[in-house]
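The lines below spell out each chain.
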Amino acid sequence: MHGRDRELSMVEKLLGEARAGRGGALVVRGHAGIGKTMVLVAARDSAAASGMVVLQTNGAEAETALPFAGLHQLLAPLLGNLDVLTPRLRRTLLGAFGQDDLRPDLFTVGLAVLELLGDRAARTPLLIVAEDAHWLDPETLDVLVFVARRLTVEPIAAVLAVRAQHTDVLARTGLDGLSLGELDDEAARRVLDDHAPGLPARLRARILREAAGNPLALVELPRLLASESAPELLPLNERLESAFTDRFEQMPPGTRAVLAVLAADTGCPLPALLAIAGVLTGAGVPAEAIQPAIDAGLLQVQAQRLRFRHPLVRSAVYRSVSDIARLTIHAVLADALAHDPDRRAWHRSAATLGADDDVSADLEAAAGRALERGALGVAVTGLDRASELTTDAARRSSLLLRAADLASQAHDRKAAVRLIARVDPRQGDVLDRGRLAVVRDLVEPGDVRDVARIDELCGHALDAQAAGDTGLAAMLCWRAASRCWWAGLPAEVGARITTVTDKLGLAVDDPRALAIAAYAQPDAFGPDVLRRLPAVAPGPGDVDGLHYLGGAALILGDFVQASAIMTTVAAGYRAQGRAALLARTLSSAGFIRLWLGRWPAVRADTEEAEALAEETGEQFWVVAARASRALHEAMAGNSAEATRLADAVLAGPLVTGVRFAAEAAQHARGVAANAEGRHEEALAILLRVFDPADSTHHLDMSGWALPDLADAAVRSGRRPDVRAIIGQAAERAARLPSPMLHRSLAYAKAVLASDDEAGPAFEAAFALDHTDWPVHRARLSLAYGTWLRRRKRILESRPPLRAARDGFDELGAHVWGRLAREELRASGEESTGRAVRSGERLTAQELQTAMLAAAGLSNREIGQRLFLSHRTVSSHLYRIYPKLGISGRSQLRAALAPVPEQPPGRGAAQGRPPGQGPAWPDSVD
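Residues numbered from 1 in each chain as written. Predicted model: local features only at pLDDT ≥ 70, side-chain atom pairs only at ≥ 80, totals over all residues. Heavy atoms only, no water.

A. Seen up close, the pattern of salt bridges. Per the counting criterion, the structure on display carries 75 salt bridges. With a shortest N-O distance of 3.1 Å, Asp 647 and Arg 669 are connected by a salt bridge. Of this pair, Asp 647 sits in helix H32 (residues 639–651) while Arg 669 sits in helix H33 (residues 659–675); the two residues are 22 residues apart in sequence, bridging distant segments of the chain. Judged by relative accessible area, Asp 647 falls into the partly exposed class, the value being 35%. The partly exposed category is assigned to Arg 669, whose relative accessible area is 21%. Where Glu 829 meets Arg 802, a salt bridge forms, and the shortest distance between an N and an O atom there is 2.7 Å. One end of the pair, Glu 829, is in the loop between helix H42 (814–826) and helix H43 (844–854); the other, Arg 802, is in helix H41 (residues 794–811), and 27 residues separate them in sequence. For Arg 802, a relative accessible area of 17% puts it in the buried group. (Salt bridge = Lys/Arg side-chain N within 4 Å of Asp/Glu carboxyl O. Helix = DSSP H or I, 4+ residues; strand = E, 2+ residues; numbered from the N terminus. Buried < 20%, exposed > 50% of the residue type's maximum accessible area, 1.4 Å probe, protein only.)

B. Broad picture of the side chain of Thr 696. Within the fold, Thr 696 resides in the loop between helix H34 (679–688) and helix H35 (699–702). For Thr 696, a relative accessible area of 1% puts it in the buried group. Among the polar contacts made by the side chain of Thr 696, one reaches the side chain of Asp 694 at a distance of 2.7 Å. Ignoring any residue separated from it by four or fewer positions in sequence, one finds Thr 696 in contact with Leu 650, Arg 659, Ala 662, Glu 663, Gln 666, Arg 688 and Val 689. (Polar contact = N/O pair within 3.5 Å; in protein donor to acceptor, adjacent residues only side chain to side chain. Contact = heavy atoms within 4.5 Å.)

C. Representation of unusual backbone geometry in the model. With a phi angle near 50°, Asp 132 is a residue other than glycine that sits in the positive phi range. Examined against the element boundaries, Asp 132 turns out to sit in the loop between strand S3 (126–131) and helix H6 (138–148).

D. Structural view of the state of the cysteines. The tally for this structure, following the rule as stated, stands at 0 disulfides. Distance from the sulfur of Cys 484, which forms no disulfide, to the nearest cysteine sulfur (Cys 458) is 9.3 Å. Note on Cys 484: relative accessible area 2%, which makes it buried. (Disulfide = S-S within 2.5 Å.)

E. Layout of the sheet that holds strand S4 (residues 156–163). Taken in spatial order, the 5 strands line up as S2-S3-S4-S1-S5 in an open sheet, and their pairing is parallel. Of all the strands in the sheet, just strand S2 (53–58) and strand S5 (176–179) have a single pairing partner and so form its edges. Strand-to-strand twist of the sheet, defined as the mean angle between neighbouring strand axes without regard to direction, takes the value 20°. Both S2 and S3 contribute to a ladder of 6 bridges, which runs parallel. (Pairing = 2+ DSSP bridges. Axes fitted to C-alpha atoms, helices over the stretch in contact; angles between N-to-C directions.)

This is a description of form; function is not addressed.
In structure tokens:
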């Protein structure tokens, strides 16, 4: 190879790192003929020379609609060793290959592949090669990305080649990229001299000019231009195809027949290939007929498969065959592959002119089989093609709608939008129109503040109910209610939704009914929902039902109940491999666990939520997770990072109209400004979240910011500026028994009270149960201790200030802890500096691993929970032990010393009002 020193050095570095146990992946991009294949050949040769095992898969247009075809090709050498997998992972992988009745999910398939590859690599380092990755089936591509992102501690390298025009393939995956450009003049001359020495100077100059640094052109153009069979004005790719066409037409009849059949199905087994070629020629075609094509550089044998030397060769051959001959080839292929119904369906499709309902039905059936194997992308393609072949307009719209629904589930919004645009609502019934509204709301939400969209969803819900589909009607109401809460719309809008929901006949304790009521009209129905929540118990397998309940508890401020439910929901979604829903759950849980003092879990959950949301394409939940992280960083005292995250959230287009995420980011900015002593600025920032006209206002979540608003008002000397806000919050709290609102309001009232009224206000605040609310408890202790000290009640002030200091230290709230120390120093008592807690030395994923290991889970169990290989878990533990200053697993629990997570309503001594004795140890003064 000439002119590729930089590229080859990158490949060598990748292979060397993998042999050292630091795996990685490289995506090679470039135009046709630019040398991607040569880079992959160089990688294979180098890997083999160093003793690495090479596994390869090649994308093929004919196999893009076959579920996990590329993955099966890649893993074929390892499939005899599936006993290394746990039973669940083994069944999942076999289910993906259609050999088990278990319906797999993509993340569990990915984990099974990672474990299988890792087991082999533990004996000999591996190289994975994927050529023409843009033609791999969608599920194989997704699994390869899943694996590639988790190779950091595996002795595995992966090199994947993608043609440049497929810009969306492997984009935004976080994988390293290598872009191949044209060869420079010197390298181009050397390539030409290697392949066509002795050319006349004029022809040599012309080839160099027209090849423009494309290596394949430098190799092929000399023969083409020497014969002058291609017009000079044709584009380069067409000229190269013309060169391959000429070579194809010079082959013997039997060879041409083999090439034509292989061009129609590059995965066709050799016996079938020769038999079908014989049908085309009318005589038997022996295997020897392939050799002339190999000698002419049209075919090659690679990884025990017959392949075209270059995709342009396949394209040239396929175009060279007449239309009627192509139809015949596909028809014969369909007959020959009757034992393979999926391949047969696609060849029947290619052999069809015009509409054909029988072929359409075959494709629909193939899509159903793909769906059973968890191959949503393949199912979408099948239903789309089936819609093109049906003669029934109503069935066409129904097929397109089903395809769009599956595309939305696969988070392929671009495909879903394209499919929706072709659906004709007039052809379907009211249920089809309702389903279309749900899918459209998922993939084209538009402005969530659009009340007309809510009315439209409610109208479809009534139609669905009248048609007898209560489930669809409830889903439509839920979509409407979600928009209502996300955008913080007025109560009268929510009333329209609950009026419709009342007509569905849902049971009063149906999780959907409770969630819709809470989201649509929290003030009107919140008290009843909060009263019913503890008694509602969906079946243990009803994770979605629990998700509804957890969401209702969250927005109504019952964080203790919400946290317990969300923990169960997250475990359920993990077990089911539903990574996108897990990302949403972890992101939501991050908001509530902040206030319950479970900060290590918050850090781990929000970072995992962001990573999973990125992987599954849930970009809005990436934003929500960052908003949660911003608030956590602000409360921990990391003001610069909090402000950076919050500013990024507020500047992004996805947050427009979604007031709950905007409020969280704005709240984080206010907390950060308070922490840095910029109290006037903090007050201005936080006043916005209480202004209904402001884009960061959210009625429910603004109540959570009352303590920080009160602190900013007191420290800036502007108590009167927030008096009206406190009054409005008190009026709402009188109607809504939200635990979070009541605790936040009680703190704000105590802090803002005059000296004469502060005592009773603190007494009222401490009368609330703060057992499971350590953040509020510590802040209240700090405020009360500060008030006592400033009233010269020095000895009385020290116990609450110590309790605040210790509480903040336990949480990791640095700034508030420093304030408590300053107040203690002002009272005449010095404190030692805060020691950094062991868990704060760990990364988020290390912390997750450590907490699960401390709970007694094995490395394999931890890996399955976190979608990591057990070797990655082992590597994390190897780094964790020295960071924590321990030598083994048995010491993890003590080293982490987490805040106890206790069942709702139980725990340590309750907080008590000042008049009844403090909620901290008696003073020794």
